[in-house]
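What the coordinates show
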Amino acid sequence: MDYDFRSIESKWQAWWAANKTFKVVEDPSKPKYYVLDMFPYPSGAGLHVGHPLGYIASDIYSRYKRLKGFNVLHPMGYDAFGLPAEQYAIQTGQHPEVTTDKNVARYREQLDRIGFSYDWDREVRTCDPDFYKWTQWAFLQMFSSWYDPELDKARPIEELIRKFETTGYGDVTKEQWKAASEKEKSDILMGYRIAYQGETSVNWCEGLGTVLANDEVKDGLSVRGGFPVEQKKMTQWQLRVSAYAGRLLDGLEKLDWTDSLKEMQRNWIGRSEGTEMVFNTLCDGREMPVTIFTTRADTIYGVTFMVLAPESELVPQLTAADRKAEVEEYLAYVKKKTERERIAETKTVTGVFSGSYGINPVTGEKVPIWISEYVLAGYGTGAIMAVPAHDSRDYAFARKFDLPIIPLIEGCDVSEESFDAKDGIMCNSGFLNGMTVKQAIEAAKDYVEAHGLGHRKTNYRLRDAIFSRQRYWGEPFPIYYKHGIPTPLPHDELPLRLPEISSFKPSANGEPPLARAKDWNWKGWPLEKSTMPGFAGSSAYYLRYMDPHNDQALVSRDADTYWRNVDLYIGGTEHATGHLIYSRFWNKFLFDLGYVCEDEPFRKLINQGMIQGRSSFVYRVVGTNTFVSAGLKDQYQTTEIHVDINLVRNDRLDLEGFRNWRPDFADAEFVLEDGEYICGWAVEKMSKSMYNVVNPDDICDTYGADTLRLYEMFLGPLEQSKPWDTKGIDGVARFLKKFWRLYTDREGFIVTEEKATPQELKVLHKLIGKEQEDIENFSFNTTISAFMIAVGDLASLDCHKREILEPLCVLLSPFAPHISEELWHLLGHEGSISDARFPEYVAAYTVEDSVTYPVQFNGKMRFTVDLPRSASPAEVEAAVRGMEQTAKWVGDKAIAKVVVVPGRIINIVVK
RNA sequence: GCCUUGGUGGUGGAAUGGUAGACACGAGGGACUUAAAAUCCCUUGGCCCGAAACGGCCGUGCGGGUUCGAGUCCCGCCCGAGGCACCA
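Thresholds applied
Residues numbered from 1 in each chain as written. Chains lettered and ligands numbered in written order. Predicted model: local features only at pLDDT ≥ 70, side-chain atom pairs only at ≥ 80, totals over all residues. Heavy atoms only, no water. Helix = DSSP H or I, 4+ residues; strand = E, 2+ residues; numbered from the N terminus. Polar contact = N/O pair within 3.5 Å; in protein donor to acceptor, adjacent residues only side chain to side chain. Contact = heavy atoms within 4.5 Å. Pairing = 2+ DSSP bridges. 1 Å grid on protein atoms, 1.4 Å probe; cavity = no way out; pocket = protein on both sides within 12 Å on 5 of 7 lines; lining within 4 Å. Points joined across faces, edges and corners; volume = space filled by probe spheres on them. Nonpolar A, V, L, I, M, F, W, Y, C, P; charged D, E, K, R; others polar. Phe/Tyr/Trp six-rings, centres within 6.5 Å; stacked < 30°, edge-to-face > 60°. Buried < 20%, exposed > 50% of the residue type's maximum accessible area, 1.4 Å probe, protein only. Salt bridge = Lys/Arg side-chain N within 4 Å of Asp/Glu carboxyl O.

Brief notes about the side chain of Asp37
- With respect to the helices and strands, the residue Asp37 is situated in strand S1 (residues 32–37).
- Of note is the side chain of Asp37, whose polar atom sits 2.6 Å from the side chain of Ser58.
- Contact partners of Asp37, with chain neighbours within four places excluded, come to Gly54, Tyr55, Ser58, His74, Met76, Tyr118, Tyr541, Tyr569 and Ile570.

Things to note about the sheet that holds strand S9 (residues 229–239)
- Across the sheet, four strands lie side by side as S6-S5-S9-S17; this open sheet has antiparallel pairing. Two strands lie at the open edges of the sheet, namely strand S6 (210–212) and strand S17 (465–466), each paired on one side alone.
- As paired strands, strand S5 (residues 195–205) and S6 are joined by three bridges and run antiparallel to one another. Across the sheet, residue Cys205 finds its bridge partner in S6, namely Thr210.

Details of empty space enclosed by the protein
- Counted by the stated rule, this structure contains three cavities of 30 Å³ or more.
- Roughly 70 Å³ of volume is contained in the largest cavity.
- Lining the largest cavity, in full, are Phe131, Trp134, Thr135, Ala138, Ala536, Gly537, Ala540, Tyr541, Arg544, Leu554 and Trp586.
- For the lining of the largest cavity, the elements supplying multiple residues, two or more each, are helix H5 (129–143), helix H16 (534–538) and helix H17 (541–544).
- Here the residues of the lining of the largest cavity sort into eight nonpolar, two polar and one charged.

As for the packing of aromatic side chains
- Counted under the stated rule, the structure contains 69 aromatic pairs.
- For the ring pair Trp146 and Tyr192, a centre distance of 6.4 Å and an interplane angle of 75° mean the geometry is edge-to-face. In this pair, Trp146 sits in strand S3 (residues 145–148) while Tyr192 sits in the loop between helix H8 (182–190) and S5, placing the two residues 46 residues apart along the sequence.
- Judged by relative accessible area, Trp146 falls into the buried class, the value being 0%.
- Consider the rings of Tyr541 and Tyr545, whose centres lie 5.5 Å apart with planes at 65°: the pair is edge-to-face. Like Tyr541, the residue Tyr545 is buried in the burial classification.

Some words on the pattern of salt bridges
- In total, this model carries 45 salt bridges according to the counting rule given.
- One salt bridge connects Lys183 with Asp187, and the closest N-O pair in it is separated by 3.3 Å. Here Lys183 pairs with Asp187, and both are found in helix H8, just four residues apart, close to one helical turn.
- With a shortest N-O distance of 3.3 Å, Arg603 and Asp567 are connected by a salt bridge. Placement of Arg603 in strand S23 (residues 602–607) and of Asp567 in strand S22 (residues 566–571) is noted, with a sequence separation of 36 residues between them.
- For Arg603, a relative accessible area of 39% gives the class partly exposed.
- Put simply, Asp101, Arg108, Asp112, Glu123 and Arg125 are held in one network by salt bridges that share partners.

Structure follows, in structure tokens:
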């Protein structure tokens with residue numbers, strides 16, 4: 001009876017689907033466990049072998065947790081709104097919905113072949129109106145809320161309106177509020193809403209015709225498409241993520257995420273604790289206070305000039321009449337630079353003198369005010385005090401424009417570079433003299449506050465998220481403009497569906513595609529024409545899985561209090577500063593309003609590494625159609641050419657296949673080494689253009705899904721990036737065959753009912769212990785090694801016993817579910833193996849012959865000693881004494897005393 | 001520049017401070033076979049001695065240190081990967 005993985009796998013996949021084996025319902029009698037994958041964007045290229053890595057890992061863990069008695073929620077869905085479908089639509093006129101449906105179907109087919117234990121009844125798609133109804137709903141909740149800094153949480157906007165009406169709030173008195181028009185009131189409230197409309201400098205991408213969020217831009221280019229991005233002032237919908245900066249930062253503490261990921265988020269949020277200080281300024285005889293932000297108030301005695309950001313609103317007011325021409329020239333120069341140029345030229349120092357002066361509030365000294373692009377308008381106050389001795393940017397500026405540099409730390413050398421370090425003893429600093437820098441920072445802050453010169457201030461780098469996109473394929477905003485005032489649609493109008501339009505391009509006058517829709521208005525009022533960005537739909541999808549068909553709420557209270565939040569989230573690290581920030585923000589917002597019961601969405605998070613491609617190369621001798629083998633290429637002048645990895649096995653090129661691959665290689669000649677053509681190789685991104693894409697379907701065809709699952713895990717640690725190299729796959733394929741053959745022969749199943757020997761049980765128990773420990777540490781590669789050893793041991797013991805096979809199937813089922821189900825079934829079981837329980841070492845399979853005792857010497861050195869379970873402490877001690885011989889590396893003086901302590905740790909104290 | 005990681009055979013990778021290289025691939029040799037595939041067995045970090053050995057020496061990026069003992073811990077370098085980067 002051969003191991004016919006094709007029929008076994010299709011049989012069980014059909015069986016699971018027909019019996020809804022993995023359907024899950026809330027069950028208060030069982031502990032819950034929520035395992036989530038980052039849902040994929042269904043691209044036209046389909047899945048390659050790298051995509052399922054994380055899905056396999058989460059599936060193994062889900063299946064393991066089920067065997068451990070947990071009620072496991074393990075859903076899957078699609079992040080289906082997005083740019084590629086829309087761009088494809090622009091090119092072909094094909095509706096994005098059509099291509100998306102097609103791609104989803106293909107993804108599903110590919111996923112099904114790998115044997116995942118998803119509850120497909122809970123599938124979600126972000127582009128489904130029943131889903132985006134709740135994305136729109138959440139947006140309206142944000143629109144109708146403000147962030148109350150006193151309670152440090154979001155509250156309904158009505159509470160703020162009441163404040164305006166009764167006492168006034170912020171800069172607005174109750175009289176002003178009462179006198180304000182509807183439009184003015186709307187504008188005031190916009191300054192507080194969590195989802196608000198406002199003019200800011202945005203990342204405008206001409207190539208895509210839309211604005212982008214900060215995390216969608218890298219090195220001045222759009223992440224999708226790689227088009228240049230420029231800064232532009234525009235009115236856009238935004239989410240007040242910055243209000244949550246502190247909580248997003250503090251919340252990281254209690255999360256079980258990797259340090260590197262937390263660090264990335266910390267960097268992105270960028271807390272800095274400093275001081276806001278007011279400098280009086282003089283411009284053409286006029287006086288004006290200017291607030292600056294600094295983290296180094298202690299360096300106040302070293303201020304030799306001030307700098308404004310070119311975009312700062314203060315620039316026109318602080319430009320002296322006789323400097324106007326120069327300043328305007330500089331502003332024009334800065335403005336025409338693209339974001340990319342600015343980044344590229346960070347080393348070059350530019351700036352212009354404004355003609356005005358600032359007065360140091362502590363020393364009373366008069367310093368010039370400059371304008372330079374190294375100061376950013378969007379951070380702090382857009383104005384700084386410059387201390388060239390102790391800030392490298394100020395230093396470079398001072399050197400370039402020949403401004404004075406005053407050192408403030410004893411013995412520091414500022415002749416070549418600034419002294420940025422925060423240590424040393426202060427000098428030239430009045431009341432701070434003699435203090436250490438750390439003391440001085442605090443003392444200076446106190447001084448500033450005590451003398452009314454300013455106050456302590458915490459700044460964050462995290463900006464509000466730009467929330468509108470000038471695109472078609474996204475969620476429409478449930479907003480209409482009544483007399484020009486943005487107004488929410490009533491709740492029963494949700495979902496506001498995407499309209500049909502004839503072309504997906506922006507309209508001729510530069511408006512978003514939705515401007516092309518007929519009747520894009522509500523009761524005659526125009527509807528918002530931009531749509532929401534990609535992260536809108538992915539920010540709360542994990543909540544929707546808990547209760548995916550509910551049309552009354554995003555998630556019912558019952559479902560939410562049962563499932564609470566995601567226990568294990570697996571996905572790529574590329575979402576560190578995008579999705580994972582937005583989701584946390586979104587969740588905290590819903591938490592504030594009492595819609596969800598947990599304030600963090602993802603308890604534990606694992607970043608699976610990327611699977612890279614392993615490209616193969618051939619070497620063509622320049623000007624010929626002759627190809628030399630890799631080992632000989634240095635003797636010729638050659639060009640490296642990517643060759644399809646399907647034509648290469650173990651780095652050997654299939655010569656015939658190569659000639660048939662492309663017409664221009666039809667008459668290729670080869671220079672071989674040892675009769676073979678050896679290809680060169682390199683690790684690169686897996687992509688079509690490098691001919692190194694491996695499709696999981698092909699692996700399932702030739703090796704089977706169980707082999708694919710095992711191999712992906714066997715490749716190395718989950719979190720590490722690694723190249724895919726099919727050549728190792730034979731090892732795990734052989735293992736499965738060996739396992740199968742252990743319990744089958746030519747005729748069929750050969751399991752015996754004999755009682756297992758202690759030796760056989762020991763093999764099993766070792767495996768149980770190892771697997772349990774490894775799975776909890778997500779060390780799946782070593783678990784698989786343990787299986788290989790166990791099966792090898794059992795084969796050499798010639799063990800075909802039910803008593804061993806039965807638990808073995810259960811142990812293997814998270815990794816290789818199909819073969820396990822089949823053997824489980826052959827053993828006479830009716831249902832799915834997923835209803836079995838993970839074998840317990842002590843309870844179900846108590847070992848009779850021996851138990852392993854760890855032995856420590858001096859609390860450090862360790863051995864193990866195997867003894868009968870019934871051994872008395874005296875016998876244990878005697879056995880350990882016998883081990884003195886084994887402890888040869890300790891030397892003669894090693895062992896003095898054996899102590900048996902409770903918990904069966906034997907402590908040997910070395911004298 | 002800053003932060004986070006990592007550096008072990010021909011390759012992927014194992015090693016709670018305790019015999020480094022588990023497991024697997026590849027390679028070499030052998031068995032079975034008319035042959036191939038499949039399968040099975042042996043060898044496989046380097047060097048040296050030997051008839052043989054459970055023989056010796058060297059080996060985890062480099063240099064120091066702690067320890068009876070270091071791939072693992074500490075200090076200082078070098079290199080790779082990822083993130084942040086005029087954030088005052």
